[in-house]
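Now for the letters of each chain:
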Amino acid sequence: MFNTRSDLPLERDGQGRYLPWLIAFMVYLAILALAGVMALNKVTARWDKGVGQTLTVQVALGENQTEAEALDAALGVLDETPGIAQTHRLEREQVAKLLEPWLGRFAEDMEDLPLPLMIDVQLASKIKPDLDRLKQRLDAAVPGALVDDHRLWLDRLIDLMQAVELLAGTVLILIGLACGGTVVFTTRTGLAIHREAIEVLHLIGAQDSYIARQFAGRALALGLKGGLLGLGLALPTLTLIGYLANTQEQGLLPTFTPGLYHWAAILALPVAAGLIAMMTARFTVTGTLGRMP
Amino acid sequence: MKTGGNGSVVRFENVGLRYGLGPEVLQDVNVSLASGSFHFLVGPSGAGKSSLLKLMYLALKPSRGLITLFGRDVATTPRPELPALRRQVGVVFQEFRLLRHLSAFDNVALPLRVSGARESRIKKHVSELLAWVGLQNHMNARPSTLSGGQQQRVAIARAVIARPRLLLADEPTGNVDDRMAMRLLHLFEQLNRLGTTVIIATHNMTLVDRLGHPVLRLDDSRLIEEAAPESRNNSDSGESDVARMDEYGLNLQQTSETAA
Ligand SMILES: Nc1ncnc2c1ncn2[C@@H]1O[C@H](COP(=O)(O)OP(=O)(O)O)[C@@H](O)[C@H]1O
Ligand SMILES: [Mg+2]
């Protein structure tokens, strides 16, 4: 469909020199945005899954209970609750480590510093325990006990991720529009440059589609070329970002290895650039020719 | 294919044309040209000859009036069907309008290519026609490397390659000497004898008087039909055509040789 010989000296109008680079730049940005979103998406899903299956119970030290009594009471309640797979008491050093960012290292040394007693609870994956009832029963057994299911924190994080995803989606759409706009303007310039030849073709009986096809075929070629250039630039960048993320503190940025689906999405972008360029050129040319009698 | 001699190829009824908000450069044009006819279109520079031809090859729409081409009302013909009409009209443009970046061969091949002809057929027909107009040694030449007369023959070859039913030529003899002009006019007469309706715009009255074909005269933006001027020949008899060709030393073979 696009391998038609060209009657127009399209290769001489200079478009071939700058259009691929403009498209390459846009595809480059689009790939970074897309890869960012996919990485975030995967990380969020992992947090959601991981954090969603744990609870933290914080036992306050009451006046009538010793540390051990309070712990035993809380663990007793937890053991009777269906849907709980495992409980694990955090040692004093572990709690101190958790608080380190706020209290600094000296928390370990202060033997008599009252640190909260924490129990890490793993939930069974199938049954969801009734949190409200659990809270009531814990409060009865150990007054002032707190159950934190991390939901609030997680929900906010997920909200943030969704906002970021929306933003990235908008960026992708804007890049697509910019790509289309660029092709509209370069095609218009091309139409002006080749006006005489186009008019002659028109007058000797060329269908609009015959002329449009030549521009569209060329736009497809330039768009694909630009898309592949952009891909070629984006891959090293992504590798570098991945490398930097891995050398960061473990756990802060969970590592993301793209899967088949992710690669397909990334590779689709240069193809999309080519198709956008082709369709835009086609519509621009037929629109302009439509104004000829 | 060709209709008989009585079918009207082009018909204008009360046609008027103005550019933008300017005055009407053509007014109340009424004309009907029979298939197989040969007309000169004359008038001083600026009289509207090119404008009238543009209406005929569908480069312009009239401001008013009715135009039919091969029996079809142009105004009511859907746009996608206009290219098919245009392909039956061969045009030799005033400034040739050859595509600069294409060889003589590719320029002449254009009308066949836009109508989707096969390359094997294109190769055969274009080579034959270029040889016929004496350009067999210039097939791959760009127009800019050809002389004015050679370019003109490329333009004429392009106009006739698809065997149009109507041939329009806008001052085709404007840039060549009288001798070459006569040669080209005889080429048009040959095509006319093969059935093509021909209209030639010119302001060279000497040629018009010499050849003796009916005249369409543009005067004060109106069109007047005139009979053929007094000349050696008003008939379409092949004998006198041959005699005339001998007289001017014009047969196509010779044209080819002298031009090569
Ligand atoms: N594109 C145009 N825009 C405005 N006026 C035009 C245009 N083309 C021709 N004219 C005017 O129309 C008149 C007829 O021009 P034209 O058809 O070229 O005459 P001819 O071919 O007989 O010399 C002239 O007055 C010319 O100035
Ligand atoms: Mg003119």
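Residues numbered from 1 in each chain as written. Chains lettered and ligands numbered in written order. Predicted model: local features only at pLDDT ≥ 70, side-chain atom pairs only at ≥ 80, totals over all residues. Heavy atoms only, no water.

**Remarks on the overall build of chain A**
A tally of regular secondary structure across chain A gives 9 helices and 4 strands. Along chain A, from the amino end to the carboxyl end, the secondary structure elements read α-β-α-β-α-α-β-α-β-α-α-α-α. Across the 293 residues of chain A, 39% fall into the buried class. Across chain A, the fraction of contacts at a sequence separation of at least 24, relative to all contacts at a separation of at least 6, is 85%. For chain A, the exposed area adds up to about 16600 Å²; of that, 63% sits on carbon and sulfur atoms. (Helix = DSSP H or I, 4+ residues; strand = E, 2+ residues; numbered from the N terminus. Buried < 20%, exposed > 50% of the residue type's maximum accessible area, 1.4 Å probe, protein only. Contact = heavy atoms within 4.5 Å. Areas by Shrake-Rupley, 256 points an atom, 1.4 Å probe, with all protein chains shown as cover.)

**A few points about the interface of chain A and chain B**
With 22 residues of chain A in contact, the opposing surface of chain B contributes 23 residues. Overall, the association of chain A and chain B removes approximately 2000 Å² of surface from exposure, summing both partners, and the carbon and sulfur fraction of that is 57%. Joining chain A to chain B, the criterion identifies 3 salt bridges. With a shortest N-O distance of 2.3 Å, A:Asp208 and B:Arg79 are connected by a salt bridge. Put simply, the parts of the chain that give the side of chain A that touches chain B at least two residues each are helix H7 (195–203) and helix H8 (208–247) of chain A. Per-element tally for the side of chain A that touches chain B: the top contributor is H7(A), with 7 residues. (Buried area = accessible area lost by both parts, 1.4 Å probe. Salt bridge = Lys/Arg side-chain N within 4 Å of Asp/Glu carboxyl O.)

**Considerations on the sheet that holds strand E9 (residues 215–219) of chain B**
All names here are of chain B. Read from one edge of the open sheet, 6 strands run E6-E7-E8-E3-E9-E10, paired in mixed fashion. The open sheet has two edge strands with one neighbour each: strand E6 (89–92) and strand E10 (222–226). Taken pair by pair, the neighbouring strands of this sheet meet at an average axis angle of 20°, ignoring direction. In the packing of helix H1 (residues 49–56) onto the sheet, contacts are made with strand E3 (38–42), strand E7 (166–170), strand E8 (197–201), E9 and E10, and the angle to E7 comes to roughly 155°. Contacts from helix H6 (residues 178–193) reach E3, E6, E7 and E8 within the one sheet, and its direction differs from that of E8 by about 155°. (Pairing = 2+ DSSP bridges. Axes fitted to C-alpha atoms, helices over the stretch in contact; angles between N-to-C directions.)

**Considerations on the sheet that holds strand E3 (residues 117–123) of chain A**
One key point about sheets: their strands pair by backbone hydrogen bonds, in either a parallel or an antiparallel sense. All names here are of chain A. Pairing is antiparallel across the open sheet formed by 4 strands, whose spatial order is E2-E3-E1-E4. One side of each edge strand has no neighbouring strand; the edge strands of this open sheet are strand E2 (84–89) and strand E4 (146–148). Going from strand to strand, the sheet's axes swing by 20° on average, the running direction of each strand aside. Each of strand E1 (54–59), E2 and E3 is contacted by helix H2 (residues 67–80), which is oriented at about 15° to E3, the strand it contacts most.

**Structural notes on the nonpolar core**
Ranked by size, the top nonpolar core spans 45 residues in total, and within it B:Phe40, B:Val108, B:Val126, B:Leu130, B:Leu185, B:Phe188 and B:Ile200 carry the most contacts. Elements represented by at least two residues in this core include exactly E3, helix H3 (104–114), helix H4 (119–132), helix H5 (148–160), E7, H6, E8 and helix H7 (205–211) of chain B. No other element matches H6(B), which puts 8 residues into this core. Setting aside anything within four residues of it in sequence, one finds B:Val108 in contact with B:Val126, B:Leu129, B:Leu130, B:Val154, B:Ala157, B:Arg158 and B:Ile161. Listed in part, the 34 residues of the second largest apolar core include A:Leu203, B:Leu53, B:Met56 and B:Ile67. (Core = buried A, V, L, I, M, F, W, Y, C linked by side-chain atoms within 4.5 Å.)

**Details of the coordination of the magnesium ion (ligand 2)**
Protein coordination at the magnesium ion (ligand 2): the donors are B:Ser50 (OG) and B:Gln94 (OE1), at 2.0 to 2.7 Å from the metal. Of this pair, B:Ser50 sits in helix H1 while B:Gln94 sits in the loop between E6 and H3, and the two are 44 residues apart along the sequence. (Donors = N, O, S within 2.8 Å, 3.2 Å for Na, K, Ca; no water.)

**Let's talk about the pairing of E9(B)**
Residue and element names in this part refer to chain B. As paired elements, E3 and E9 share 3 bridges and run parallel to each other. What sits directly across from valine 42, in E9, is arginine 217. Bridge count between E9 and E10: 5 bridges; the pairing is antiparallel. Bridging from a neighbouring strand, valine 215 pairs with glutamate 226 of E10. The loop that links E9 with its antiparallel partner E10 comprises 2 residues; one of these, aspartate 220, has a positive phi angle of about 55°.

**Re the domain arrangement of chain A**
Entries for chain A in the domain assignment read domain 1 (10–48 + 154–291) and domain 2 (61–144). Relative placement of domain 1 of chain A and domain 2 of chain A: their C-alpha centres are 52 Å apart. (Domains from an automatic or database assignment.)

**As for the environment of B:Met182**
In this structure, B:Met182 sits in helix H6. Sequence separation between B:Met182 and B:Leu207 is 25 residues; the distance between their C-alpha atoms is 7.4 Å.

**Regarding the site of ligand 1**
Residue and element names in this part refer to chain B. Every residue near ligand 1 is listed here: Tyr19, Val25, Pro44, Ser45, Gly46, Ala47, Gly48, Lys49, Ser50 and Ser51. Within the side chain of tyrosine 19, an N or O atom sits 3.4 Å from a nitrogen atom of ligand 1. Take glycine 46: an N or O atom from its main chain is 2.7 Å from an oxygen atom of ligand 1. When ligand 1 sits alone it has 560 Å² of accessible area, and the protein chains cover 56% of it. Broken down by element, the shell around ligand 1 gets its largest block of residues, 3 residues, from H1. (Near = heavy atom within 4 Å. Polar contact = N/O pair within 3.5 Å; in protein donor to acceptor, adjacent residues only side chain to side chain.)

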